[in-house]
Protein chains: 2
Amino acid sequence: MSSKSVPDIVVARLPLYLRALSAMQTSGKVFTSSQEMASWLGISSAQIRKDLSHFGEFGKQGTGYSVTSLQDTLRSILKIEREWPIVIIGAGHIGSAVANYSGFAHRGFRVCAVFDSAPGKIGLRIGQHIVQDIAYLPKVVQDYGVKLAMIAVPADAAQAVTDLAVAAGILAVLNYAPINVIVPDTVRIENIDPVLHLQHMTYYLA
Amino acid sequence: MSSKSVPDIVVARLPLYLRALSAMQTSGKVFTSSQEMASWLGISSAQIRKDLSHFGEFGKQGTGYSVTSLQDTLRSILKIEREWPIVIIGAGHIGSAVANYSGFAHRGFRVCAVFDSAPGKIGLRIGQHIVQDIAYLPKVVQDYGVKLAMIAVPADAAQAVTDLAVAAGILAVLNYAPINVIVPDTVRIENIDPVLHLQHMTYYLA
C-alpha cells in the first residue's frame with residue numbers, strides 16, 4: 001500500500017473509477033463488475049482489475065464489487081474521506097466559474113476563499129464568497145491549514161502568484177493559467193488548459 | 001510518422017512542449033535545448049529527446065533547437081497550422097468562461113458558436129457570441145465543418161447533448177461535465193474536471 005509502489009498513471013485513474021461508481025450509485029446500482037465499469041469508462045476491464053489489485057483484493061467471485069464499499073476504499077486511498085479546504089486565486093471568468101462549481105461538495109473539497117489583487121475585484125461577491133485581497137492569502141492558508149490552491153490568473157502573473165502560495169504553505173497547485181509554472185520538488189502541480197486537450201485530439205483528426 | 005507508431009502518452013506531451021516553446025519565444029529566446037525545456041517543464045531532457053525522436057531529427061549539435069522551427073514542426077504534427085472551429089454547448093458559468101477564454105487564438109482554435117437549450121440563456125451575449133438555440137447545432141456543425149465540441153452542461157444533460165453533437169458530425173469532444181459520457185469508437189473524448197486533478201494530488205499529501 002506504499003504510495004511509492006503504485007505507478008502515478010494508476011493513481012490518476014482512481015478518481016475516474018470513483019466518479020463512475022458515484023454515477024452508478026446515483027442510478028441505483030448496488031454491485032458492479034470490472035466489465036461494467038469498463039463499459040462506463042472506455043478503459044479495459046483487465047486494466048481496471050490490475051489497477052485495483054495494487055491496493056488489495058476487492059470484489060467477490062459471482063457478486064463483483066460493492067458500489068458503496070469500493071467507493072469508500074477509493075476515498076480512503078485518495079485521502080478524500082475528509083474534506084480539504086481549497087483557495088482560488090484569481091476572480092476572473094475562470095476563477096469565478098470554478099468558485100461557483102457545484103462539483104466539489106461530497107467529493108472531498110470545499111472552497112474556503114477566493115483572492116484577487118485588482119481593486120475592482122476585491123469585495124465582489126462570487127457565489128458564496130467575497131473576493132479577498134491576495135495580501136490575506138498567507139493568513140488564510142495558515143489559519144485554515146490549506147494545502148491546495150487553484151491558480152486562475154493571467155499567464156504573466158501565474159509564476160509570482162504560485163510562488164506566493166507555495167511560500168504560504170500550499171503543497172498542491174491546480175494551474176488554470178496557460179503557462180507552465182515552476183514549483184519546488186516538494187509541491188505537486190497539475191495543469192488545466194483546454195487547448196492542451198484540443199491539440200491532443202486534433203493530432204488524431206484527418 | 002504514422003500516428004499508429006507513436007504512443008498516445010507521447011502525443012499528449014507535445015502540446016506542453018509547444019506551450020513552453022511559445023513562452024520561450026515571448027521571452028525572446030531563439031534557440032533552446034532539451035535541458036532547458038526540461039527545466040521549464042519538469043520533464044526529463046531524455047524524455048523530451050525521446051518523444052521528439054518519434055517524429056524525426058530536430059536540433060543541431062551545439063546550437064540546439066530553433067524555437068520557431070520546432071514550434072512550426074509541432075504545429076504541423078498536431079495539425080494546428082490551420083485554425084479549427086469549435087462549438088461550446090452550455091452557456092453556464094463554465095461555458096461562459098471558456099467562451100471568453102483568450103487562449104484559443106494563435107493556438108489553433110476559434111470558437112464559432114455557443115449553444116444552450118434554456119430560453120433564459122438563448123439570445124444572451126457572451127464575449128463575442130450570442131447564445132444560440134441548441135436546435136441549430138446540427139446546421140452550424142455542418143455549415144462550418146466543425147469537428148470539435150466542448151460540452152459544458154450539467155451532468156444529467158451531458159450524454160444527450162454529446163449524442164446530439166456526435167450525430168451532427170462532431171469527432172472530438174472535450175467534456176467539462178463531471179460525468180463520463182460514452183462516444184462511438186470513431187470519436188475522441190477528453191475530460192476536464194478539476195476534482196479529478198485535486199483527488200489525484202491529495203493521494204500524495206500527508
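Scroll up to find the structure this text is about.
Parameters at a glance
Residues numbered from 1 in each chain as written. Chains lettered and ligands numbered in written order. Predicted model: local features only at pLDDT ≥ 70, side-chain atom pairs only at ≥ 80, totals over all residues. Heavy atoms only, no water. Buried < 20%, exposed > 50% of the residue type's maximum accessible area, 1.4 Å probe, protein only. Helix = DSSP H or I, 4+ residues; strand = E, 2+ residues; numbered from the N terminus. Pairing = 2+ DSSP bridges. Core = buried A, V, L, I, M, F, W, Y, C linked by side-chain atoms within 4.5 Å. Contact = heavy atoms within 4.5 Å. Axes fitted to C-alpha atoms, helices over the stretch in contact; angles between N-to-C directions. Phe/Tyr/Trp six-rings, centres within 6.5 Å; stacked < 30°, edge-to-face > 60°. Lys NZ or Arg CZ within 6 Å of the ring centre and 35° of its normal. Arc of directions from axis to C-beta. Least-squares fit on C-alpha atoms with pLDDT ≥ 70 in both. Parallel < 35°, antiparallel > 145°, perpendicular 65-115°, else oblique. Left-handed = near helix turned anticlockwise from the far one by under 90°.

Bringing the pairing of strand E9 (residues 172–175) of chain B into the picture now. Residue and element names in this part refer to chain B. Burial along E9 is two-sided: Ala172 and Leu174 and Val173 and Asn175, pointing in opposite directions, are all buried. Alignment of strand E8 (residues 148–151) against E9, held across 4 bridges, turns out to be parallel. Among the inter-strand pairings, Ala149 is bridged to a residue of E9, identified as Val173. Relative to strand E10 (residues 188–191), E9 runs parallel, the two being bridged by 4 bridges. Looking at the pairing, Asn175 lines up with Asn191 of E10.

The next subject is the nonpolar core. Formed by 100 residues in total, the largest nonpolar core has its most connected members in Phe104 of chain A together with Phe104 of chain B. For Phe104 of chain A, the contacting residues outside a window of four places in its chain are Ile86, Val98, Phe109, Val111 and Met150 of chain A together with Pro194, Val195 and Leu198 of chain B.

This next bit is on the sheet that holds strand E4 (residues 109–116) of chain A. Here we have 6 strands laid out as an open sheet, ordered E7-E4-E3-E8-E9-E10 (chain A), and parallel in their pairing. Edge positions in the sheet fall to strand E7 (132–133) and strand E10 (188–191) of chain A, since each has one partner strand and no second. The sheet contact formed by strand E3 (residues 84–89) of chain A and E4 of chain A spans 6 bridges and is parallel. Residue pairing across strands places Pro85 of chain A opposite Arg110 of chain A, the latter belonging to E4 of chain A. Its contacts with the sheet place helix H8 (residues 194–202) of chain B against E3, E4, strand E8 (148–151), strand E9 (172–175) and E10 of chain A, and it is angled at close to 160 degrees to E10 of chain A.

All right, on to the packing of aromatic side chains then. Counting across every chain of the model gives 4 aromatic pairs over all chains. Both rings, one in Tyr101 of chain A and one in Phe104 of chain A, keep their centres 5.1 Å apart while their planes meet at 85 degrees; by these two values the pair is edge-to-face. Residue Tyr101 of chain A is classed as buried on the basis of its relative accessible area, which comes to 15%. Classification of Phe104 of chain A as buried rests on a relative accessible area of 4%. Summarising the aromatic geometry, the rings of Tyr203 of chain A and Tyr204 of chain A are spaced 4.9 Å apart at their centres and angled 85 degrees between planes, so their arrangement reads as edge-to-face. Residue classification places Tyr203 of chain A among the buried residues on the basis of a relative accessible area of 5%. Assessed through its relative accessible area of 26%, Tyr204 of chain A is described here as partly exposed. The aromatic ring of Tyr204 of chain B is capped on one face by Arg188 of chain A, whose charged end is 3.8 Å from the ring centroid.

Turning our eyes to something else, we now look at helix H6 (residues 137–144) of chain A. All names here are of chain A. Every buried residue belonging to H6 is among Leu137, Val140 and Val141, and all of these are buried. Down the axis of H6, the buried side of the element spans an arc of 100 degrees, and every buried residue falls inside it. Among the exposed residues of H6, those oriented more than 90 degrees off its buried face are Lys139, Gln142 and Asp143. For H6, the secondary structure elements touched by its buried residues are E3, E4, E7 and helix H7 (155–168). Count one or two residues on from H6 and you reach Gly145, which has phi positive near 60 degrees.

Residue and element names in this part refer to chain B. Strand order in the open sheet formed by 6 strands is E7-E4-E3-E8-E9-E10, and the pairing between neighbours is parallel. Only two strands of the sheet have a single neighbouring strand rather than two, namely strand E7 (132–133) and E10. Relative to E7, strand E4 (residues 109–116) is paired through 2 bridges, and the arrangement is parallel. Counted as the bridge partner of Phe115 is Gln132 from E7.

The next thing to look at is the relation of the copies chain A and chain B. Least-squares fitting of chain A to chain B yields an RMSD of 0.0 Å, with the superposition described by an axial translation of 0.0 Å and a rotation of 180 degrees. Seen this way, the second copy is the image of the first under a two-fold rotation axis. The position closest to the rotation axis in chain A is occupied by the C-alpha of Ala97 of chain A, lying 3.3 Å away. Both copies share a contact surface, since 100% of the interface residues of chain A are interface residues in chain B too.

So, on to the packing of helix H1 (residues 8–26) of chain A against helix H4 (residues 67–77) of chain A. Axis angle and axis distance: for two packed helices, these are the angle between their axes and the distance between the axes, and together they describe the pair. Residue and element names in this part refer to chain A. Where H1 contacts H4, the two axes come as close as 10 Å, and the packing angle between them is 150 degrees. Relative to H4, the element H1 lies roughly antiparallel. Every pair of crossing elements has a handedness; the one defined by H1 and H4 is left-handed. Between H1 and H4, the residues in contact are Leu14, Tyr17, Leu18, Leu21, Ser22, Met24 and Gln25 and Val67, Thr68, Leu70, Gln71, Leu74, Arg75 and Ile77, respectively.

Spatial relationships are all this shows, so hold off on functional conclusions.
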